[in-house]
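# Structural characterization, general
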Amino acid sequence: MTSKKQGKESRKLDFSTGWDYAPAPQSSADITLAKRYKHFINGKFVAPANGKYFSTINPATARPLAKVAAGNARDIDKAVKAARAAYRNVWSKMAPAERGKYLFRVARIIQERSREFAVIESLDGGKPIRESRDVDIPLVAAHFFYNAGWADKLNYAFPTRSVKPVGVAGQIIPWNFPLLMAAWKIAPALACGNTVVLKPAETTPLTAMKLAEVMQDADLPPGVVNIVTGAGDTGAALVQHPDVDKIAFTGSTQVGKQIQRQLAGTGKRYSLELGGKAANIVFADAAIDQAVEGIVNGIFFNQGHVCCAGSRLLVQESVAEEVIRKLKDRMETLIVGDPLDKNTDIGAINSKEQLERINAYLKIGAEEGVQVYQSSCAVPDTGFWCRPTLFTGVAQSNRVVQEEIFGPVLAVQTFRTVNEAIAKSNNTPYGLSGGVWTDKGAKIFKVTRDIRAGVIWANTFNKFDPTSPFGGYKESGIGREGGLHGLEPYVTLN
Ligand code: NAI
Ligand code: MG
């Protein structure tokens, strides 16, 4: 399925370094995808109530990969009923150590099939194979392993408290880390004794359907995990279902707010992981080359399709020229193209709609009078692509500084003092993540204390571990996922 044409396109690049790379495509020859995927309800694949299916495409070629079921309220109802019965009769009654064994089994099967999962993730979503192979899938297995370990230790997680599951969890996930978001949601829910109905994103449902096969292979009792595919209306039906006890959502701030409004007064619990506009703060005393690499990793790899992406750069005035020059040099070497090529840094933009959103912001930037710099790289003719882009000369009030773009687009500002950096960093509606680059520990402590963001990396960026909690302040959401904190949304404590 790898397009030769794309391989050639990325070779056409004229690197300023003079380097060239031969194509190194990951084979997709051994990947088997069904023509159509039904919903996964009560341990079986079940046709959609209205008989309708829709296509999921490969955004690197714009060609369809498979069809998936279009879920409606009746499918959601069936899945919730299966989850409720499994919760009541099986899962909440099972000895916690036994629940843990199922999760360990799921983790091991994912490890065994990791290459297959990585290739499908890249085919369906457009992300570079380097990322799905080295980041997404290993973390998926790690989240199942980590939470499996908690299943029979919840009394140690919450000492002196009586710990009970919440019930049936409705979980709605986005397209930027499809299987990883499924793991973040399913693993802690199951470890704590809940059952789930998962609604994957409409552009990236395939690894979730493969996960359903893993659940079958692991002999997970029917109804403990149910997966209903569809678009926003399917998600809305899950939010509105009266027999769901808790909603976990990751996606846009706009939909997150809508869900919050719909759930107000219903007594249903919810956790929301929404957008971000993180700043990397680079002080003059930082190791500049490392910082440049961290900035590139934070916004350009994975097309900027990361809610905690470092989409703003705040650089101390005395080194701004050097940092911007080095950043532009590095941007010229980034390879945009075939997601399945192991050398690719920036894959395909996830969908036509997302590319249109990014392009709209490029236009807004130009209209706001900011300077736009784009790498000169070639991009393939078919599919959805965006060259790495820098905005300089921006003002704090510009929309491209305030709003989430979710593409490989970085807005650069300068600062003079620590307090100015902190004030500018905090001056957006978001508070998901941040980065600080300095040689001085005292600056790290000051900045991490004063910035209102859930995660702040020091002298690194976008590093994840299942033991570490993740989540936002302000309009970036509510609740934490990962670590001990990530169990809290799935337990009732007395
Ligand atoms: P979205 O928020 O519409 O989609 C996320 C998930 O929510 C999908 O599974 C979708 O089907 C579902 N959904 C949509 N409307 C719903 C509703 N009314 N009720 C329940 N579920 C619903 O995000 P979209 O449209 O794909 O992307 C728009 C923007 O959102 C992006 O440009 C980006 O800025 C942001 N975004 C943020 C993500 C994050 O990780 N925080 C992930 C994806 C997008
Ligand atoms: Mg797709």
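### With respect to the pattern of salt bridges
Any two side chains of opposite charge can pair, so long as their charged atoms come close to each other. If you walk through the whole model with that rule in mind, you get 28 salt bridges. The salt bridge involving R113 is made with D217; its shortest N-O contact spans 3.6 Å. Within this pair, whereas R113 is found in the loop between helix 3 (96-112) and helix 4 (114-125), its partner D217 is found in helix 8 (residues 206-217), the two being separated by 104 residues in sequence. Taking the relative accessible area as the measure of exposure, R113 reaches 16% and is therefore buried. Classification of D217 as partly exposed rests on a relative accessible area of 48%. A salt bridge links D152 to K153, with the shortest nitrogen-to-oxygen separation between them at 3.0 Å. Accessibility expressed as a relative area gives 36% for K153, which makes it partly exposed.

### Here we look at the coordination of the magnesium ion (ligand 2)
Protein ligation of the magnesium ion (ligand 2) involves T56 (OG1), I57 (O), D124 (O), D124 (OD) and T203 (O), the donor distances falling in the range 2.2 to 2.5 Å. Mapped onto the sequence, the donors of the magnesium ion (ligand 2) take the spacing T-I-x66-D-x78-T. With T56 in strand 4 (residues 53-58) and D124 in helix 4, this pair connects stretches of sequence that are 68 residues apart. Here the two residues T56 and D124 agree in accessibility, since each one is buried.

### Considering the sheet that holds strand 1 (residues 36-37)
With mixed pairing, three strands are arranged side by side in an open sheet as 1-5-4. The open sheet has two edge strands with one neighbour each: strand 1 and strand 4. Pairing analysis gives six bridges linking strand 4 to strand 5 (residues 63-69), with the strands arranged antiparallel. Among the inter-strand pairings, I57 is bridged to a residue of strand 5, identified as P64. Contacts from helix 4 reach strand 4 and strand 5, with the element oriented near 100° to strand 4.

### Observations regarding the site of ligand 1
With respect to spatial proximity, 27 residues lie near ligand 1, and among them W175, K199, E202, S252 and E404 are the closest. One of the side-chain nitrogen or oxygen atoms of K199 is found 2.7 Å away from an oxygen atom of ligand 1. A distance of 3.0 Å is found between an oxygen atom of ligand 1 and a side-chain nitrogen or oxygen belonging to Q354. Within the complex, 88% of the 820 Å² of free accessible area of ligand 1 lies under protein. Listed by contribution, the elements that provide at least two residues to the shell around ligand 1 are helix 9 (232-240), strand 10 (246-250), helix 10 (253-263) and helix 13 (352-367). Taken together, the residues of the shell around ligand 1 sort by class into 13 nonpolar, nine polar and five charged. Shared between two domains, the shell around ligand 1 holds at least three residues of each, these being domain 1 (36-274 + 476-493) and domain 2 (279-458).

About the cut-offs
Residues numbered from 1 in each chain as written. Chains lettered and ligands numbered in written order. Predicted model: local features only at pLDDT ≥ 70, side-chain atom pairs only at ≥ 80, totals over all residues. Heavy atoms only, no water. Salt bridge = Lys/Arg side-chain N within 4 Å of Asp/Glu carboxyl O. Helix = DSSP H or I, 4+ residues; strand = E, 2+ residues; numbered from the N terminus. Buried < 20%, exposed > 50% of the residue type's maximum accessible area, 1.4 Å probe, protein only. Donors = N, O, S within 2.8 Å, 3.2 Å for Na, K, Ca; no water. Pairing = 2+ DSSP bridges. Contact = heavy atoms within 4.5 Å. Axes fitted to C-alpha atoms, helices over the stretch in contact; angles between N-to-C directions. Near = heavy atom within 4 Å. Polar contact = N/O pair within 3.5 Å; in protein donor to acceptor, adjacent residues only side chain to side chain. Areas by Shrake-Rupley, 256 points an atom, 1.4 Å probe, with all protein chains shown as cover. Nonpolar A, V, L, I, M, F, W, Y, C, P; charged D, E, K, R; others polar. Domains from an automatic or database assignment.

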